[in-house]
Amino acid sequence: MKNYFPLYPVGLAVSALMCTALASCSASRSPMRGATASSEHEHTQAVNKLPQPDPVFHGKIGKTYHDSTADKLMFDSPKAPKGAPNILLIMIDDAGFGATSTFGGPANTPTLDKLAAEGLRFNRFHTTALCSPTRAALLTGHNHHSAATGVIMEMGTGFPGYTGIMPRSTATIAQILKNNGYSTAWIGKNHNIPSNMLNNVGPFDRWPNHLGFDYFYGFNGGEADQWFPTLYENLNPVQPWGTPEEGYNLGADQTDKAIAWMNNQKSIAPDRPFFLYYVPGATHAPHHPPKEWAEKYKGKFALGYDKIREVIFKRQKELGVIPQDAKLTPRMQQVPSWDSYDAEAKKLFERQMEVYAGYYEYTDHQIGRILGAIDKIGQTENTLVIYIAGDNGASAEGSLVGTANELMNLNGLDPTVEQNMKFYDVWGGPETSPHFAVGWAWAMDTPFKWNKQVASHFGGTRNPMVVSWPGKIKDKGGLRTQFHHVIDVAPTILEIVGIEQPKKYNGIEQKPIEGTSFAYALADDAAKAPERHTTQYFEMMGNRGIYHDGWMASKFHKVPWDTGGSVPFSNDGWELYNINEDYSQYNDLAATHPKKLQEMQALFATEGAKFGVFPLDDRLAGRLDVSLRPSWTSSRTNFTFFPGMTHLDEGTAPNVKNKSHTITAEVEIPKQGAEGVLLAMGGGTGGYVLYIKDDKFTYYYDFFGFHDYKIESTALPTGKVTLKMDFKYDGGGAGKGGTVTLYVNGKKAGAGRVEKTIPGRYGMDTFDIGMDLNAPVVRGGIYKTPYKFTGTIDKITIELEQPKKAG
């Protein structure tokens, strides 16, 4: 008998697998997805509606307890199927196919190496080409547009496939597992809350605790400063336990939380399985490893990205993770050669890659700590580990020369080599928010073309995956080459555990899961099994493609480092590849197979319409404008804030950008004077702050760390004082300058100029009253956070320029 997976059957999905093994069932049964459980599969848990209904009373009720019989089952709660495994689901951020040592890359990943040796490697696994979309697809088993997440949260628009608000008709894998007896936790990055919902008054229904997770610890947003993260524990904002000087780094902190949570679960309920979703912010920018991890790679990238890419390609063939007949795709014409740069640029680029490689190894080390903790509590044999090495290809969003502040690039502005070199000695430290050059992103996606955002090509979508389950997988170190996609993970977990997708969740009819389980690929002899996921569309920022039965049609639209504008869709040309014979999309067959290309184009149109892909939109910086999405504050021009108001996300904070505005603080300064922050918006990547120091009222504006502006008042009186900052915007477009005037008790007390302002977004730090939490807005050590105000704040009022009426 063949050793098929899973061992815990789920309706007809597993029924079909068992039929194949026993040759005793109807051939008409589908192996693709579970259906209603039949009596022959007593282990299947088929619950059509979740949450499960209250238990039915089976005791006896008399007049008093003397003649009554209690029913202990009234206390019953959902239980997982017998033998259901623990599940550790890991996803790395912004990592390409060729980054890890496991898949031939330069970053040492001993944890991934070990898992691969004990489990299975998948070399044709795909993501959506961007962060939030991949994570929504992973959690729900639905295509990213079906999950209303066609783009990242900060860029949501009012079209069904792009709001960023995951529909209630796509319940998450955690919601299903929790209601079938699992403990659930989400540790690390959460990029699936619309930024206009990130505040302390809600709505909270798309936060992790309302998406099926008992526990959450991490950050909300696309990225986090690893030295000064904005953290949440469940629904509550919390502060890091220390500073970088005290040894704090988010990588270790979130791992400590994950281990503590697992230990708690197994101490209290050792027989209850857990689902741990561990998603570190690494290796997304900012690249922030402890310095000693970056130093391990000193001098290892002097060959440059052209030669390093050839080295990676050679290793990949030696390891057998790509076919021997695979070809190395040439450098795209938009990417300059390594040799075209001067010595100073090369020195900068080397440092960028040293820091990135150290960041990846440091992250892999943290995952190793989690696996060590699982082993210590005796759960290794029955823990299914799915380690996805990237939510998209390596990121090329750092521009051709990289950046010391990647928020600057996301605002459509690129620093020069000369500007970046100002931060060379502290690259990766708290003073920077760094990202490497495009050439390194291209090399980390070896052997493919393109990078993150480019969904038309595998450089944007093909990521390594390793699956380990020591107690069940026998083909240790095996390779699986079937086509799979991130939407396949949720149905795979359900099939392995032995439960089905509910028809209704919280009374809402559920859309059938769109992924295809790859549980079949875990069987001992599945290396050459026919693939079951045969059609898959791709689309991101206008870059699009369609896979079907071994063919891939690709339509490249726009380079990912062009963050500022849009390009005409009419200029796009289609390419065609036979993926069965051409692993890396090297040989374009569009000219010789026009009929096949037409078929694929028509299929993309059909799939795009079916899953909500249209309308296509390629804007990046243009959609980052927080004013595009409604919030508690978006339609207001007058705001009053009181002491204690902190941790307000930029998406909900008053949007003072690109307009005139005033900020007025009613404060009381004691006789001995006072100091501290009155209001802060932003942090290490940019922002503004009002504070009092040395008896002066000060307005400070940081333009991405490359320019800062400081305007001070004359000496302040004591007692009740009214402080006002008036910003007169120059106008003439976004990101222009303005004149700042300071007033004390109605009298002019200082003035100055801010020549450049941030047009779209300051970063991931927050808006705070009475203090500056996390990374300081100011540069040069003017104060140390949180620098709480030592006087008394009555209130702070912000007034925005009234929008001009048309006509």
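What you see is a predicted model, and the numbers here were worked out from it, not measured in a lab.

## Points about a nonpolar patch on the surface
Among the surface-exposed residues, Phe57, Ile61, Met74 and Phe75 lie close enough to one another that they form a single nonpolar patch of about 480 Å² accessible area. Met74 sits in the partly exposed class, given a relative accessible area of 36%.

## Side note on the pairing of strand β23 (residues 686-693)
Summarising burial for β23: seven of the eight residues are buried, a large majority. By the bridge criterion, seven bridges tie strand β22 (residues 676-683) to β23 in an arrangement that is antiparallel. Bridge pairing in β23 places Gly676 opposite Ile692. Taken together, the seven bridges between β23 and strand β24 (residues 696-703) define a ladder with antiparallel strand orientation. Bridge pairing in β24 links Leu690 to Tyr699. Hairpin connection between β23 and β24: a loop of two residues separates the two successive antiparallel strands, and Asp694 in this loop has a positive phi of roughly 55°.

## Looking at the pattern of salt bridges
Under the definition given, this model contains 35 salt bridges. For Glu318, the salt bridge identified is with Lys314, shortest N-O distance 2.7 Å. Pair noted here: Glu318 and Lys314 are both in helix α7 (residues 305-319), with a separation of four residues, about one helical turn. This pair shows no difference in class: Glu318 is exposed, exactly as Lys314 is. Asp339 is the partner of Lys346 in a salt bridge, and the nearest nitrogen-oxygen pair spans 3.9 Å. On the accessibility criterion, Lys346 (22% relative accessible area) is partly exposed. The structure contains a network of salt bridges with shared partners spanning Asp93, Arg135, Lys189 and Asp391.

## Considerations on the nonpolar core
Counting 162 residues, the largest nonpolar core has Leu276, Trp440, Leu678 and Tyr699 as its most contacted members. Here this core takes 13 residues from helix α8 (residues 343-376), the largest share from any one element. Ignoring anything within four residues of it in the chain, the contact list for Trp440 reads Phe301, Gly304, Tyr305, Ile308, Trp338, Phe349, Glu350, Gln352 and Met353. In this structure, Ala171, Ala174, Tyr277 and Leu494 belong to the second largest nonpolar core, which totals 57 residues.

## Regarding the packing of aromatic side chains
Counted according to the given criterion, the structure contains 41 aromatic pairs. For the ring pair Tyr783 and Tyr787, a centre distance of 4.7 Å and an interplane angle of 10° mean the geometry is stacked. Tyr783 gets classed as buried once you look at its relative accessible area, which sits at 5%. Given the relative accessible area of 12%, Tyr787 is considered buried. Site record: aromatic cluster; members linked through ring pairs are Tyr297, Phe301, Tyr305, Trp338, Tyr341, Phe349, Trp440 and Trp442. Lys347 extends its terminal NZ or CZ atom over the ring of Tyr424, reaching a point 4.7 Å from the ring centre. In this structure, Arg462 is placed above the aromatic ring of Tyr583, and the distance from its NZ or CZ to the ring centre is 4.7 Å.

## Focus: the environment of Pro85
Relative to the assigned elements, Pro85 resides in the loop between β1 (49-50) and β2 (86-91). Each C-alpha atom of the pair Pro85 and Val689 lies 50 Å from the other, and the pair is 604 residues apart in sequence.

## Brief notes about the pairing of strand β17 (residues 543-548)
With five of its six residues buried, β17 lies for the most part within the structure. Pairing between strand β16 (residues 535-540) and β17: six bridges, direction antiparallel. From the neighbouring strand, Gln536 faces β17, where its bridge partner is Tyr547. In this antiparallel pair of consecutive strands, β16 and β17, the connection spans two residues, and Met541 shows a positive phi of 55°. By the bridge criterion, five bridges tie β17 to strand β18 (residues 551-555) in an arrangement that is antiparallel. By the bridge assignment, His548 is partnered in β18 with Trp551. Between β17 and the antiparallel strand that follows it, β18, lie two residues; Asp549 among them carries a positive phi value of about 45°.

## Observations concerning α8
With 34 residues, α8 should cover 50 Å at 1.5 Å per step; its first-to-last C-alpha distance of 49 Å lies within 8% of that length. Most of α8 sits out of view: 24 of its 34 residues are buried. Looking at where α8 begins, the residue whose side-chain oxygen comes 3.3 Å from the main-chain nitrogen of Glu344 is Asp342. With its phi angle positive at about 75°, Gly378 sits one or two positions after the end of α8.

## Brief notes about the sheet that holds strand β30 (residues 792-800)
With respect to topology, six strands assemble into an open sheet ordered β20-β30-β21-β26-β27-β28, the strand pairing being antiparallel. A single partner strand is all that each edge strand has here, and the edge strands are β20 (638-641) and β28 (747-754). Sheet twist, expressed as the mean angle between neighbouring strand axes with direction ignored, is 15°.

## Some words on the sheet that holds strand β11 (residues 465-468)
Taking strand neighbours across the sheet as the criterion, the 10 strands line up as β8-β7-β6-β5-β9-β2-β10-β11-β3-β12 in an open arrangement whose pairing is mixed. One side of each edge strand has no neighbouring strand; the edge strands of this open sheet are β8 (236-238) and β12 (478-480). Across the sheet, the mean angle from the axis of one strand to that of its neighbour is 15°, orientation sign disregarded. Sheet topology note: the strand β5 (residues 183-190)/strand β6 (residues 215-220) ladder contains six bridges and is parallel. Bridged to Asn190 within β6 is Asn220. Across the face of the sheet, helix α2 (residues 110-118) comes into contact with β3 (120-122), β10 (383-388) and β11 while running at roughly 60° to β11.

## Focus on the confidence of the model for the protein chain
Counting all residues, the mean pLDDT for the protein chain is 92, and 94% of those residues have values of 70 or more. Predicted confidence for residues 1-44 stays below pLDDT 50, and this span has 98 contacts to residues more than four positions away or in other chains.

## What to know about the packing of α2 against α8
Between α2 and α8, the least distance of the axes is 7 Å, while the angle of their chain directions is 50°. As the angle between them shows, α2 and α8 are arranged oblique. Residues Pro110, Thr111, Leu112 and Leu115 of α2 pack against Asp364, His365, Ile367, Gly368 and Leu371 of α8. Its residues assigned to classes, the contact of α2 with α8 shows five nonpolar, three polar and one charged.

Calculation notes
- Here, residues in each chain are numbered from 1, in the same order as that chain's written sequence.
- The predicted nature of this model means local features are confined to residues of pLDDT at least 70 and side-chain atom pairs, given and counted, to a pLDDT of 80 or more, with totals for whole chains, interfaces and linings taken over all residues.
- Based on all heavy atoms of the structure, the side-chain values leave hydrogens and waters out of the count.
- Two joining distances apply to patches: 9 Å for like charges and 5 Å for nonpolar side chains (Val, Leu, Ile, Met, Phe, Trp, Tyr), and every residue must have over 30% relative accessible area and no salt bridge.
- Computed with the Shrake-Rupley method and a 1.4 Å probe, the accessible areas treat only the protein chains shown as cover for residues.
- The term salt bridge refers to a pairing of a side-chain nitrogen on Lys or Arg with a carboxyl oxygen on Asp or Glu at a separation within 4 Å.
- Here the term buried applies to any residue with accessible area under 20% of the maximum for its type, exposed to any over 50%, and partly exposed to those in between, with areas from a 1.4 Å probe on protein chains only.
- Put simply, DSSP H or I for four residues or longer makes a helix, DSSP E for two residues or longer makes a strand, and each gets a number counted from the N terminus.
- Two strands pair if DSSP finds at least two bridges between them.
- Only buried Ala, Val, Leu, Ile, Met, Phe, Trp, Tyr and Cys residues count toward a nonpolar core, and they belong to the same one when joined by side-chain atoms within 4.5 Å.
- When checking whether two residues touch, look at their non-hydrogen atoms; a contact exists if any pair is within 4.5 Å.
- Within 6.5 Å between ring centres, the rings of Phe, Tyr and Trp (the latter by its six-membered ring) count as paired, and their orientation is classed by plane angle as stacked under 30 degrees, edge-to-face over 60, tilted in between.
- By definition here, charges over rings are those cases where NZ of Lys or CZ of Arg is within 6 Å of the ring centre and within 35 degrees of the ring normal.
- Multiplying 1.5 Å by the residue count of a helix minus one yields the expected span of that helix.
- Polar contacts, as used here, are pairs of N or O atoms within 3.5 Å; protein pairs need one atom able to donate a hydrogen and one able to accept it. Residues neighboring in sequence count only if both atoms are side-chain atoms.
- Axis definition: a line fitted to C-alpha atoms, over the contacting stretch in the case of helices. Angles run 0 to 180 degrees between N-to-C directions.
- How sure the predictor is of each residue is captured by pLDDT, a score from 0 to 100.
- Geometric relationships in this document are graded by angle, where less than 35 degrees denotes roughly parallel, more than 145 denotes roughly antiparallel, 65 to 115 denotes roughly perpendicular, and other angles denote oblique.
- Here the term charged refers only to Asp, Glu, Lys and Arg, the term nonpolar to Ala, Val, Leu, Ile, Met, Phe, Trp, Tyr, Cys and Pro, and the term polar to all other amino acids, Gly among them.

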